Amino acid sequence: MEDVLDLYNEPYDPKKPTLCLDERPYQLVEEVRLPLPPEPNQPERYDYEYKRNGVINLFAFFEPLAGWRHIEVTQRRTKADFAKQLKDLVDIYYPQADVIRLVVDNLNIHTPSALYEVFSPQEARRIIQKLEFHYTPKHASWLNQVEIELSVLSRQCLERRIPNVEILSSEIAAWEKERNQKKASVYWGFKTKDARKKMQRLYPSI
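Analysis parameters
- Residues numbered from 1 in each chain as written.
- Predicted model: local features only at pLDDT ≥ 70, side-chain atom pairs only at ≥ 80, totals over all residues.
- Heavy atoms only, no water.
- Salt bridge = Lys/Arg side-chain N within 4 Å of Asp/Glu carboxyl O.
- Helix = DSSP H or I, 4+ residues; strand = E, 2+ residues; numbered from the N terminus.
- Buried < 20%, exposed > 50% of the residue type's maximum accessible area, 1.4 Å probe, protein only.
- Pairing = 2+ DSSP bridges.
- Axes fitted to C-alpha atoms, helices over the stretch in contact; angles between N-to-C directions.
- Contact = heavy atoms within 4.5 Å.
- Parallel < 35°, antiparallel > 145°, perpendicular 65-115°, else oblique.
- Left-handed = near helix turned anticlockwise from the far one by under 90°.
- Nonpolar A, V, L, I, M, F, W, Y, C, P; charged D, E, K, R; others polar.

**Brief notes about the pattern of salt bridges**
Side chains that differ in charge, positive against negative, can pair when their charged atoms come close.
Reasoning step 1: Counting across every chain of the model gives 13 salt bridges.
Reasoning step 2: Between Asp91 and Lys87 there is a salt bridge; the shortest N-O distance is 3.1 Å. Of this pair, Asp91 and Lys87 both sit in helix H2 (residues 79-93), separated by four residues, roughly a single helical turn.
Reasoning step 3: A residue is classified by how much of its surface remains accessible, and Lys87, at 25% relative accessible area, is partly exposed.
Reasoning step 4: Between Glu171 and Arg160 there is a salt bridge, with the nearest N and O atoms lying 2.7 Å from each other. Residue Glu171 is found in helix H6 (residues 165-182), and its partner Arg160 is found in the loop between helix H5 (146-158) and H6; the two are separated by eleven residues along the sequence.
Reasoning step 5: By sharing partners, the salt bridges in this structure join Lys87, Asp91, Glu123 and Arg126 into a single network.

Encoded structure:
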């Protein structure tokens, strides 16, 4: 825990950015009947019936100190998908970084070995040398700041019926662009000293 909290407390360094990564599923839902348009003193009305169009996955990257995020829509959430996201992070989004400090939870796909299952050993090693993994404790994934950003995404963009991947990707891209232009971030006030005081029961007795 203190490893992640100390990382958040470091000053911004574009050569050593701190990125938070997580993912979440999303259920595509299509209307069966067209909603009734709004009328005076009457909001738009939706029928309770709907059609499920499958579940897709959202990979979310968030760099709090830079106010940057990226959401990638994928069909699945496998080690191969995770490995591809890491490669894009290194080669497309942060090619100038010396090292990328990556905050992730303990999900079984969140491991550097995933790269070796997808790429050649030489390519996997090249990518890994640019990454530095920092894991949140088990049952404490709330320490990953990207969970806050995913909550904002849900409230502002996803809490409605979206029927297909194309519309979903377009809506998320527009949301992401606006948030990045504003350099929107989160206020993280929980420090290591706070953890030692408020979560004393988790520390060993000496």
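**A closer look at the sheet that holds strand S1 (residues 18-31)**
Reasoning step 1: In space, the five strands of this open sheet follow the order S3-S2-S1-S4-S5, with mixed pairing throughout. A single partner strand is all that each edge strand has here, and the edge strands are strand S3 (68-74) and strand S5 (131-135). Averaged over all pairs of adjacent strands, the angle between strand axes in this sheet comes to 30°, irrespective of strand direction.
Reasoning step 2: Across three bridges, the pairing between S1 and strand S4 (residues 100-104) is parallel. When the sheet's bridge partners are listed, Thr18 is paired in S4 with Arg101.
Reasoning step 3: The strands touched by H5 are S1, strand S2 (50-63) and S3; relative to S1, the strand with the most contacts, the crossing angle is about 25°.

**Some thoughts on the packing of H5 against H6**
Reasoning step 1: Where H5 meets H6, the axes come as close as 11 Å, and the angle between the chain directions of the two elements is 120°. Judged by the angle between their axes, H5 and H6 are oblique. Remark: the crossing between H5 and H6 carries right-handed chirality. Across the interface between the two elements, Glu149, Val152, Leu153, Gln156, Cys157 and Leu158 from H5 touch Leu168, Glu171, Ile172, Trp175 and Arg179 from H6.
Reasoning step 2: Taken together, the residues of the contact of H5 with H6 sort by class into seven nonpolar, one polar and three charged.

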